[in-house]
Structure formats: structure tokens, C-alpha cells
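Residues per chain are reported as follows:
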Amino acid sequence: MKNKRKNREAFAEHSYWQSYSDMMAALLLIFVLMIAITLSIYKQKTADLDKTSLELSEAQAKLDVTIADLENSKAELEKSNEELASSLTELQQAYAQAALTQEELNNAYLEIENAKNELTTTKNELQNIVGIRTDIIGALQTAFNNSSMKVDAQTGSITFSSDVLFRYNSATLTADSKETLKEIIPTYLDVLLQDQFRGYIAEIIIEGHTDTDGGYQSNMELSYARANAVADFCLNQKNGLSEEKIEQLQKILTVNGKSWSSPIYQRDTLGNPTDSVDMASSRRVEIKFRLKEDEMIQKISGILAQQ
């Protein structure tokens, strides 16, 4: 009995330590297993981290490239904006210049149109004046139809021989010449100063001429003095013109001395002028008129020059 009890106790003690040892072995195994699992997880995490780090590096590289591209795009955009701003400025300047050019062009068109209208008006006036010259000459010829005084069919002038009006080398009208002038002057001037023609007369001219005998200056003084003597006669109310006509005449009367600058030459049997001066015919006093057509022609020339 005692041996059985001792064996049972011994077996019981051995069973306890064996269970303890098994438990520790199991714990160690579990610990080792946990370490292995932990190491496996660590390696996996490390690998994942390395992979993630690599992906991040690649992503960072791509991001850097993208940033560089964005910087380049930004620079190009800024350059494009500058070019656009410059083009816009040039366009605005071109537009302003075009607007200014259009305004200048419109002003030029307006000036041309005004010039054309003025030219048309002046042309019509000139045509009227050309017709007036013919009317005036016709009226003068009619007035002197029964007179010995002849009216020049081209100019409408009348001519007095100085030998009839003055003594040799004198500028004083003779008594006989005054009677002749009283018959001629009022008739001639009345035609020119009538309401129908007076507005077209620019100037009534009395010109003295001499022959070629003597010096130019002395003949100039003589020719002017003779023309002036006729002018004084015309302006004297006692010689046929009314006070009203004299006032009108004073505004447009001109007296010229021409010396021997415009001599009259003798003609041959065929009527052709020769080289010989007709001394008697050269000594003369002419009365003529000038219409306003000269001013009109100058005006038209000015307009045409502007165009």
C-alpha cells in the first residue's frame, strides 16, 4: 500500500512539472509565433512603405515636372499676355490713327466739295461776264452809231488822237478838244455806268501814249499828264456827267501813262504791220474798261491749284 502511495505521489509531482513545462513551451511557441508574425508584418509594412516611398518619389518627380511645365506655361502665358497687350495697344493706336485719317479724309472731301461748288458758281459768274462784255461793246457801238468815234469791236475802247486834243508837247486840252470830249465822254461813260453794266465793271482806264521821239521818262510824264487832263475833264460836272455818275466813276477810274511802250506801226498796202512806227497814230489817249473777269479767272486758278 505504501509503495502504491509513493508511486502515485511521485507520478503526480512529475505530471505537474511536465504540465508546467508544456505550458511554457506552448507560451514560448506562441511568443516565437508572435515574433515571426510581427517580423512578417514588419517586413510587409517595410516593403509597403518602401513601395509607397518609391511611389511618392515618382509622384514627387512627376509633380516637379508638372510644376516645371506649369511654370513654363505661366511664363508663356505671361509672354502671350504681354504680346496681347502690345497688340491691343498697337490696335488702339491704329484705330485712333484710322479715325484721325478718316476725319482728315472727310475734311478733304468737304473741302473738295466746297471747292467744286465755288468753282461752279465762279464759272457761272464768269460765263455771265463774258456775255456782258459782248453786251457792253454792242451797247457802245449802238450809242456811237451816228458818231465819227469808232468803238473797238474787240475791247470796247475808244481812242483820241493827241494831235486833236493837245498842242505839241503840251498836256493842256485845247478849246476845240473840250467840245469834242463833251460829245464823246458822257455818252461812253453813261453806257458803262448804267445799272445794267456797272456791277460788272472792275475798272475804267484812261491811258496816255506818245510816239518814240524823245526820252522814255519825259514821254512817260507827258503821256500821264495828258491822260490825267482827260480824267480831270471827265470828273468835272460841267462836262456832261451827273454828280452821281462822277461819284461812281471816282471809285473805278485809273489813269496811266505808257510813254512810247506801245507804239502803233504803219501798215503796208496789204494791211500787214511794218517795222516803221506810225508817229501820229502813236500819239493818242485811249479810254477803255476792264471787267471783273480777271479776278474771276484768278479765283478759278486758285481753286484749281488747291484741288
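Because the structure is predicted, anything quoted here is derived from the model rather than measured.

A.B. asks: So what exactly am I meant to see when it comes to helix 3 (residues 175-192) here?
C.D. replies: Helical geometry note: an α-helix holds 3.6 residues per turn, so side chains three or four residues apart project in the same direction. For helix 3, spanning 18 residues, the distance from its first C-alpha to its last is 26 Å, which sits close to the expected 26 Å at 1.5 Å a residue. Of all the bends in helix 3, the greatest measures close to 35° and is centred on Leu181. Of the positions making up helix 3, those classed as buried are Ser177, Leu181, Ile184, Ile185, Pro186, Tyr188, Leu189, Val191 and Leu192.

A.B. asks: Mind showing me how you'd approach the sheet that holds strand 2 (residues 201-209) here?
C.D. replies: Either a parallel or an antiparallel arrangement is found when strands of a sheet pair, and the pairing is made through backbone hydrogen bonds. The strand order across the open sheet formed by four strands is 1-6-2-3, and the pairing between neighbours is mixed. If you trace the sheet from one side to the other, it starts and ends with strand 1 (158-161) and strand 3 (253-257), each paired once. Here the average twist between neighbouring strands, direction ignored, is 20°. Sheet analysis places strand 1 next to strand 6 (residues 284-291), joined by four bridges and oriented antiparallel. Among the inter-strand pairings, Ile158 is bridged to a residue of strand 6, identified as Ile287.

A.B. asks: Whenever I open this one, unusual backbone geometry confuses me. Can you help?
C.D. replies: Excluding glycine, residues mostly carry a negative phi; peptide bonds, for their part, are mostly trans. For Asn169, which is not glycine, the phi dihedral falls at a positive 60°. Mapped onto the elements, Asn169 comes out in the loop between helix 2 (162-165) and helix 3. Positive phi values are uncommon outside glycine, yet Ser259 reaches one of about 55°. Along the polypeptide, Ser259 turns up in the loop between strand 3 and strand 4 (265-267).

A.B. asks: Mind showing me how you'd approach the side chain of Ser170 here?
C.D. replies: Inspection of the secondary structure assignment puts Ser170 in the loop between helix 2 and helix 3. At a separation of 3.1 Å, a polar atom in the side chain of Ser170 contacts the main-chain amide nitrogen of Thr172. Apart from the residues lying within four places of it in its own chain, the contact partners of Ser170 are Leu222 and Arg226.

Thresholds applied
- Residues numbered from 1 in each chain as written.
- Predicted model: local features only at pLDDT ≥ 70, side-chain atom pairs only at ≥ 80, totals over all residues.
- Heavy atoms only, no water.
- Helix = DSSP H or I, 4+ residues; strand = E, 2+ residues; numbered from the N terminus.
- Expected span 1.5 Å × (residues − 1).
- Bend = angle between axes of the 7 residues up to and from the residue.
- Buried < 20%, exposed > 50% of the residue type's maximum accessible area, 1.4 Å probe, protein only.
- Pairing = 2+ DSSP bridges.
- Axes fitted to C-alpha atoms, helices over the stretch in contact; angles between N-to-C directions.
- Polar contact = N/O pair within 3.5 Å; in protein donor to acceptor, adjacent residues only side chain to side chain.
- Contact = heavy atoms within 4.5 Å.

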